[in-house]
Structure formats: C-alpha cells, structure tokens
Amino acid sequence: MTTLYQTQATASAGRNGNVKTDDGLLDVALSYPKAMGGTGEATNPEQLFAAGYSACFSNAILHVARESKVALKQAPVTALVGIGPREAGGFALSVSLDIQLDLEAAQAQQLVKLAHQVCPYSNAVRGNIDVGLTVNGVVI
C-alpha cells in the first residue's frame, strides 16, 4: 500500500484520560459512558469511532457516485456503534450504518454496496465486525 496520509494520536490514561492528535486539532477529554459505570461527562472511543466511520462512509458513497456519474451532493450516514463482552472473553464492537440518499431505491442500494467495498473503515473491520447497512429505511 502506498500511504497517502497518516496521523498520530496519543491517549494519556485510557477511557478516563485525554486523547490528542500530533497537530493538536483534536484534543479531547475521555470518560466511560454512564452505561458502563462512568460519568459520561466526556466523549468515549465508541463515539469517536462512530464519528470517523460515518464521515468516511459518507465520503465513500460520494466517491463511488462520482465514479458512476451519479449526481449526488450529500450522503448522510449515521453510525450506531455498540460495545459488549464477547463469549470468548474480552470485548467486541457492533456497527450499524443508516444511510439516507435522495435516489431511487435500487440505485441507492447499489451505491452503498459499492461504498462498503471502497470505504477504508469497512475494509478495516471486515471479518471482525458485522456491519449492518440500512438504506432509506431498508436493510440490505
């Protein structure tokens, strides 16, 4: 792989600390969510993952639309990320992506399927996390 861009972030004290990127553009406090016994007063890794995945997947849709000569200016994606214990021990994530596209159903679903093959987040989690896809209210 030829690296087009790389970045660096450092976490100071896990889920009850701080995470900061090397350029300082991201510098946020972290805390356990209330559902996991924390204060919920700061963001958490699952929220950061949901934000990154939704932005990346939205861009992947716009990319494949452009490549397919489909006029599309927006591709709203909501990522629902969950965390829970695994039967084999440790913890696992779950992901559902809810996509809203102003396109006919078949075309919208085809673009989302293509985007799922292109998106770096989808490629990174494939085989490790089941990702649910819903397009305009229809599970695909």
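Because the structure is predicted, anything quoted here is derived from the model rather than measured.

About the criteria used
Residue numbers restart at each chain and count upward from 1, following the sequence in its written direction. Confidence filtering applies because this is a predicted model: local features only for residues at pLDDT of at least 70, side-chain atom pairs given and counted only at 80 or more, and all residues used for totals across whole chains, interfaces and linings. As a rule here, side-chain values come from all non-hydrogen atoms in the structure, and water together with hydrogens is ignored. Relative accessible area decides the class of each residue, using a 1.4 Å probe on protein chains only: under 20% of the type maximum gives buried, over 50% gives exposed, and in between gives partly exposed. A helix here means a DSSP run of H or I that spans at least four residues, while a strand means a run of E at least two residues long, and both kinds are numbered starting from the N terminus. Pairing between strands is defined by DSSP: at least two bridges between the two strands are required. Throughout, a contact is declared for two residues whenever any of their heavy atoms are within 4.5 Å. To obtain an axis, a line is fitted to C-alpha atoms, over the contacting stretch when the element is a helix, and the angle between two such axes runs from 0 to 180 degrees between their N-to-C directions.

Visitor: Even after reading the chapter, I still don't get the pairing of strand β2 (residues 18-21), so can you show me in this structure?
Guide: Looking along a regular strand, one sees the side chains alternate between the two faces of the sheet. Alternating residues of β2 divide into V19 and T21, all buried, and N18 and K20, none buried. Bridge count for strand β1 (residues 9-11) against β2 is three bridges, and the pairing is antiparallel. When the bridges of β2 are listed, A9 appears paired with T21. Linking β1 to β2, which pair antiparallel, is a turn of six residues; within it G14 sits at a positive phi near 60°. One ladder, built from three bridges, connects β2 with strand β3 (residues 27-29); its direction is antiparallel. Note on β3: the bridge partner recorded for K20 is D27. The hairpin formed by β2 and β3 contains five residues between the paired strands, and G24 there has a positive phi angle of roughly 80°.

Visitor: I'm lost on the sheet that holds strand β7 (residues 138-139) in this one. Help?
Guide: What holds strands together in a sheet is hydrogen bonding between their backbones, with the strands either parallel or antiparallel. The four strands lie next to each other as β4-β5-β6-β7, forming an open sheet whose pairing is mixed. Edge positions in the sheet fall to β4 (77-85) and β7, since each has one partner strand and no second. Contacts from helix α1 (residues 45-67) reach β4, β5 (91-99) and β6 (131-135) within the one sheet, and its direction differs from that of β4 by about 140°. Sheet strands in contact with helix α2 (residues 105-118) are β5, β6 and β7, and its direction is about 155° off that of β6.

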